Each structure stands twice: as C-alpha cells, then as structure tokens.
Amino acid sequence: DTLRNTHQDLLMVGDVQEAFDASFNHCRQMLFVGIDLAAVDKRCTSTTLEMTKHTHVHQCLYNLSHHLVVLKLIGNHSTKNPFEAFKGVSNEEIRDEDDLLKHAVSTGEFGVVQVIRFNRLFLAYWFKRYKEAAEMAALYKPRTRMPLIDIYHAFYEGLTAFHFARKLSQDDSEKWFQLGGKSLSCFKTWAVHSTWNWSNKLLLLEAEYHFSIGEMEKAEEKYYLAIKSARQHRFVHEEGLANELFFVFHASNGNAEEASYRISQARVCYERWGAFAIAERLNTS
C-alpha cells in the first residue's frame, strides 16, 4: 500500500519515472509476499496500461516480464499475453519475452536482462526444472540497484544447490554445497535484520542443508519450523513450498503417510495462492 500511495503522490507532482518505479516495485512485492495471484495479475495489467498511456517504455519492459511470471504460475499464459498491451508503444516489435531479451541485449538495458534472468530462475525453480534454475542462477549477476531480487536470487539458488548436492556424487556435489552454504550464510545475516521477512527462508535452507548431509532429525525439525514461520508471517506460497520439500524428505525416507499429508498441504497452499499451475504439477509428484 505504501508503494501504491507513493506512485499516486509522485504522479501528482509530475515525477513519472519515480512513480512508475514505485508501481513496478509494488507489483513485484505482491508476488514475493504471496498475495493472491489473481489480484497480482489485475494489478500488473492496470500498471502496464498506465505505463503505456504515459509512453513510459523502460519500466514497462520490466513489468511485462514480471506479469508473464504471474500468468505462468496461474496457468493462463497461453490465453493471455501481457505483451499485447505493448503493441504500438515502441518502434521495435516485442511480441514475447524472447523478443524482449533480444531488445534488452541489443540496447544495453542490463537491468531488464537481469530481471528476465531472475524471472526465469524463479519459474524454473517453482516448476522444478532444476537444471534450468541452476543455469539462470549462474547467469544472474547481483547488483546493488536490485537488492530485493538479489536476496530472492540467493534463496532460490541456495535451494537449487542443495537439491543437486543431494543428488550428485560426493566429488560432484562439493560446488553445490559451497553455493548453498553461501546462500545460507547470507540469510543468517538478513534474518537478524528482519525476522518477519527472512526467518522462514533461513529455516527452509537449513532444513535442506541438514537433509543433504544426512542429518535427518535436524532436517525434520527445521522443516516444521519453516512451515510454522511461513504460516505465522502469512507467506502462503512459501508455506506450500516448505510442505512440498518436506514431502520430498518423507518420501525419500519411505514415510508414505506423512509424505501424502505434506503434499496435500502444499496443494492447499498453492491453490490459496492462486498458483493453479503449480498445484497441478503436484499431481505428477
């Protein structure tokens, strides 16, 4: 709400650049904190329309890629293309995200390139395309002007790293433990400054770490705490994610009853989030 109000205040004084920065950041934070995706979709749509109305091309490019993430999580990206609203706004035709990436690379808009890389990492992780997630995480370069997505980059890179650390041989897993450990160290620092925002993510990374090194009792405790923290702080999407990873933990240990319960809890959370494509993915788990 603060960012939305800031957008209106800045428009009133004629600072269009800062107004649309605030508007895009509002859309992005709605996604990150687990607001119902239908509401995020609606907000992204209205933001794009307002940006195109003011011919504010640069920030619109960020929002188009972000909106595509939302639609893919919902599962209706095949029937709703956010790039349609951009027709006629720019001299260059940008029909989809691939066109957007080519445009950003050719014009040197590094910030847009980074946002696309992060968004692809985000989607790849949520849809459990781990190889793609690792590739996008490696391409992303943290930068001081994007501290929020730098933090989320560390989160998803860390989770991806611990996945590979479990799956690969000891020789091949070393680099993944190093990557995961780096993310874990960062979140230990960030959680000190904001328990509300980062504690559940730290706990989930710790759970995955203990699972990866075979410390099952510690891992189980951390999964419980990660779920509890996410629920207390109203991050329904990350409550679902913690339940899903807890399902993997129990399934790997042959605890079918608890695994079934955890995957059902994850599905409930994802449906409450509005991420019906993610909920559908669980049917194949």
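Predicted, not measured: the structure shown is a model, and the values here were computed from it.

J.: Where do I start with empty space enclosed by the protein in this structure?
T.: Enumeration according to the criterion identifies 1 cavity of 30 Å³ or more in this entry. What the largest cavity holds in volume is close to 50 Å³. Taken together, Phe24, Arg28, Phe32, His66, Val115, Phe118, Asn119 and Ile149 form the lining of the largest cavity. When contributions to the lining of the largest cavity are tallied by element, the ones reaching two or more residues are α2 (16–32) and α6 (110–126). Taken together, the residues of the lining of the largest cavity break down into 5 nonpolar, 2 polar and 1 charged.

J.: Teacher, can you tell me more about helix α12 (residues 236–252) here?
T.: Side chains that are three or four residues apart share a direction in an α-helix, a result of its 3.6 residues per turn. When the terminal C-alpha atoms of α12 are compared, their 25 Å separation across 17 residues agrees well with the 24 Å that a helix rising 1.5 Å per residue should span. Gly254 lies just past α12 and shows a positive phi near 75 degrees.

J.: Explain unusual backbone geometry here, please?
T.: What you tend to see is this: most non-glycine residues have negative phi, and most peptide bonds are trans. Despite not being glycine, Lys128 shows a phi value in the positive range, around 60 degrees. With respect to the helices and strands, the residue Lys128 is situated in the loop between α6 and α7 (130–139). A relative accessible area of 18% places Lys128 in the buried class. Phi is positive for Arg234, which is not a glycine, with a value near 65 degrees. Tracing the backbone shows Arg234 in the loop between α11 (216–232) and α12.

J.: I would appreciate a short explanation of the packing of aromatic side chains in the present structure.
T.: One pair of aromatic rings is described through two measures. These are the centre distance and the angle between the planes. The tally for this structure, following the rule as stated, stands at 26 aromatic pairs. Relative to Tyr152, the ring of Phe32 lies with its centre 4.2 Å away and its plane at 20 degrees, an arrangement referred to as stacked. With Phe32 in helix α2 and Tyr152 in helix α8 (residues 147–167), the pair connects residues that are 120 residues apart, well separated along the chain. Both residues of the pair, Phe32 and Tyr152, count as buried. The aromatic ring of Tyr125 is capped on one face by Lys128, whose charged end is 4.0 Å from the ring centroid. Just above the ring of Phe235 sits the side chain of Lys201; from NZ or CZ to the centre is 4.4 Å.

J.: What's the story with α8 in this structure? I'm lost.
T.: Taking 1.5 Å of rise per residue, 21 residues should cover 30 Å, and α8 covers 31 Å from first to last C-alpha, within 8% of that figure. Extensive coverage of α8 is indicated by the burial of 17 of its 21 residues.

J.: Help me understand the side chain of Asn63 in this model?
T.: Take Asn63: it is sitting in helix α4 (residues 57–74). With a relative accessible area of 0%, Asn63 lands in the buried category. Contact partners of Asn63, with chain neighbours within four places excluded, come to Phe24, Cys27, Cys44, Thr47, Thr48 and Met51.

Analysis parameters
Position labels on residues start from 1 in each chain and follow its written sequence. Thresholds applied to this predicted model are a pLDDT of at least 70 for local features of residues and 80 or more for the giving and counting of side-chain atom pairs; totals over whole chains, interfaces and linings are not thresholded and use all residues. Hydrogens are left out, water is left out, and the side-chain values use all remaining heavy atoms of the structure. Cavities and pockets are found on a 1 Å grid laid over the protein atoms alone: a cavity is a set of points where a 1.4 Å probe fits but cannot escape, a pocket is an open set with protein on both sides within 12 Å along at least five of seven lines, and a lining residue has an atom within 4 Å of such a point. Grid points are joined across faces, edges and corners, and a volume is the space filled by probe spheres set on the points. Strands are runs of DSSP state E lasting at least 2 residues, helices are runs of H or I lasting at least 4, and numbering of each runs from the N terminus. Think of it as three bins: nonpolar holds Ala, Val, Leu, Ile, Met, Phe, Trp, Tyr, Cys and Pro, charged holds Asp, Glu, Lys and Arg, and polar takes everything else, Gly as well. How far a helix is expected to stretch is found by multiplying one less than its residue total by 1.5 Å. Only protein chains enter the accessibility calculation, which uses a 1.4 Å probe; a residue whose area is less than 20% of its type maximum is buried, one above 50% is exposed, and one in between is partly exposed. Centres within 6.5 Å are what make two rings of Phe, Tyr or Trp a pair, Trp counting through its six-membered ring; a difference in plane orientation under 30 degrees is then read as stacked, over 60 as edge-to-face, and the rest as tilted. The criterion for a charge sitting over a ring is simple: Lys NZ or Arg CZ within 6 Å of the ring centre, and within 35 degrees of the ring normal. Note on definitions: a residue-residue contact is assigned when non-hydrogen atoms from the two residues lie within 4.5 Å.

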